[in-house]
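What follows is the residue order along each chain.
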Amino acid sequence: MRIHRKRGWELPESAATPEPVALKRRSLMLAAGAGAMISLEAQAQWLFGRRESGDPWQRNPADIPDLPPAMRNTRYQPGRAITGEREPVTYNNFYEFGSNKDIWPTALRMPTRPWTVKVDGMVEQPGEFDVDDLMKRIGLEERVYRLRCVEAWAMTVPWTGFQLSKLLEIVKPLGSAKYVRFETAQRPDSMVGLRQSWYPWPHIEGCTIEEAANELTFMVMGIYGKPLPPQNGGPLRVAFPWKYGFKSGKSLARITLTDQRPKSFWETLQGSEYGFWANVNPEVPHPRWSQASERLIGSGERVPTQLFNGYGEFVASLYTNLQNERLWA
Ligand SMILES: Nc1nc2c(c(=O)[nH]1)N[C@H]1C(S)=C(S)[C@@H](COP(=O)(O)O)O[C@H]1N2
Ligand SMILES: [Mo]
């Protein structure tokens, strides 16, 4: 298969944090609880891995199993504070549920289990995978990634998931596969935004096979150690931390390997503003605003935008022979 991974970038196992982050968080809670007289039941809930029943932005723990503890991969350092837990799960872009940022209560009505994702097209071993089986088969890790929306806001988010390349190893892309197409599920019962028929549903996004195989491309199933809620693209979404957020398709139903460059949802809507590559670049303004700085959700602080959102060491080499392409927006 045509997947070239830069082995030289990989760190020895010993460089990763040996401690499951979820457990660490729980023992911190216990330490706090000792002083604050948190009830025994509350402490037991943390010990046994139950989600707080008071997380209104999560579906009922009875519907979705807890995530197994995942170790944080310290190879990816965000270089700024993690955004407070509440913001990333209550400030979202997910047009299938509506075009404002407050869609989380609507999105929570979408059941995310059972859920399968079809992987098809130019692969030796196509299949339809149950997401929980896939997670057990591949294993999970935590990565703290910067997230940069094209609208010039940003967050810093601990995602739990697995590298997309590991799924590609299972399905074995054919030599003819040049692109990967990501298709979001269409669930008209809960996705009320689908009624806005002027949008080109389903939501499609795409990347090259080299981008898909890059070590940064991450399939996300959790956030802050908890199952990924629907508003963030639960149960399974992709994350390209060096690209504008709109490239990261949510609640995926299908992943297709193809020799045709996928035409994305946003490109179809407004190709002059939202192109295929959409790599973050502070020096290339959006037609209607500057991309030189970004606003951090939570603190409200304005910080300079970084080329490739700060991930150039991992991805710049993907683009050296593509000078004629519109790489930035
Ligand atoms: N299916 C689908 N995926 C989507 C979107 C969408 O509207 N529909 N919005 C995108 C945009 S514009 C951004 S910035 C990110 C936001 O992800 P978050 O809500 O987890 O921060 O999701 C992306 N993925
Ligand atoms: Mo976005």
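Rules behind the numbers
Residues numbered from 1 in each chain as written. Chains lettered and ligands numbered in written order. Predicted model: local features only at pLDDT ≥ 70, side-chain atom pairs only at ≥ 80, totals over all residues. Heavy atoms only, no water. Helix = DSSP H or I, 4+ residues; strand = E, 2+ residues; numbered from the N terminus. Buried < 20%, exposed > 50% of the residue type's maximum accessible area, 1.4 Å probe, protein only. Contact = heavy atoms within 4.5 Å. Pairing = 2+ DSSP bridges. Near = heavy atom within 4 Å. Polar contact = N/O pair within 3.5 Å; in protein donor to acceptor, adjacent residues only side chain to side chain. Areas by Shrake-Rupley, 256 points an atom, 1.4 Å probe, with all protein chains shown as cover. Nonpolar A, V, L, I, M, F, W, Y, C, P; charged D, E, K, R; others polar. pLDDT = per-residue confidence, 0-100. Phe/Tyr/Trp six-rings, centres within 6.5 Å; stacked < 30°, edge-to-face > 60°. Lys NZ or Arg CZ within 6 Å of the ring centre and 35° of its normal.

Enquirer: Help me get a handle on the overall build of the protein, residues and values and all.
Expert: A count of helices and strands for the protein gives nine helices and 13 strands. Taken over 329 residues, the protein has a buried fraction of 53%. Expressed as a percentage of contacts within the protein between residues at least 6 apart in sequence, the contacts between residues at least 24 apart total 72%.

Enquirer: Explain the pairing of strand β7 (residues 204-208) to me, using residue names and the numbers behind them.
Expert: β7 sits mainly inside the fold: five of its five residues count as buried. Going residue by residue along β7, you find Ile204, Gly206 and Thr208 tucked away on one face and Glu205 and Cys207 tucked away on the opposite face as well. One ladder, built from five bridges, connects strand β6 (residues 179-184) with β7; its direction is antiparallel. What sits directly across from Phe182, in β7, is Glu205.

Enquirer: So what's going on with the site of ligand 1? Which residues, and what values?
Expert: In the neighbourhood of ligand 1, 21 residues make up the surrounding shell, with Asn92, Tyr95, Glu96, Ser248 and Lys250 lying closest. In this structure, an oxygen atom belonging to ligand 1 sits 3.0 Å away from a side-chain N or O atom of Asn232. The separation between a nitrogen atom of ligand 1 and a polar main-chain atom of Ser248 is 2.8 Å. Relative to its unbound accessible surface of 540 Å², ligand 1 loses 99% to contact with the protein. Among the elements that line the shell around ligand 1, the one with the most residues is strand β5 (residues 153-163), at three residues. Partitioning the shell around ligand 1 into residue classes produces nine nonpolar, nine polar and three charged.

Enquirer: Tell me about the confidence of the model for the protein, and name the residues and values.
Expert: Low-pLDDT portions of the prediction should not be read for the details of their coordinates. Summing up the model confidence of the protein, the mean pLDDT is 87 and the portion of residues at 70 or higher is 84%. Taken element by element, the predicted model of the protein shows its lowest mean pLDDT in helix α1 (residues 21-36) (40) and its highest in strand β10 (residues 237-239) (99). In the model, residues 1-50 has pLDDT below 50 throughout and makes 65 contacts with residues more than four positions away in sequence or in other chains.

Enquirer: Which residues make up the packing of aromatic side chains, and what values do they have?
Expert: Applying the stated criterion to the full structure yields 22 aromatic pairs. Between Trp198 and Tyr199, the ring centres sit 5.8 Å apart and the planes meet at 35°, which makes this aromatic pair tilted. Using a relative accessible area of 60% as the deciding quantity, one classes Trp198 as exposed. On the basis of relative accessibility, which here comes to 15%, the residue Tyr199 falls in the buried class. An aromatic cluster is present here, built from Tyr95, Trp198, Tyr199, Trp201, Phe246, Phe265, Trp266 and Tyr274 joined pairwise through their rings. The lysine or arginine in question, Arg146, covers the ring of Tyr311, its NZ or CZ lying 4.4 Å from the ring centre.

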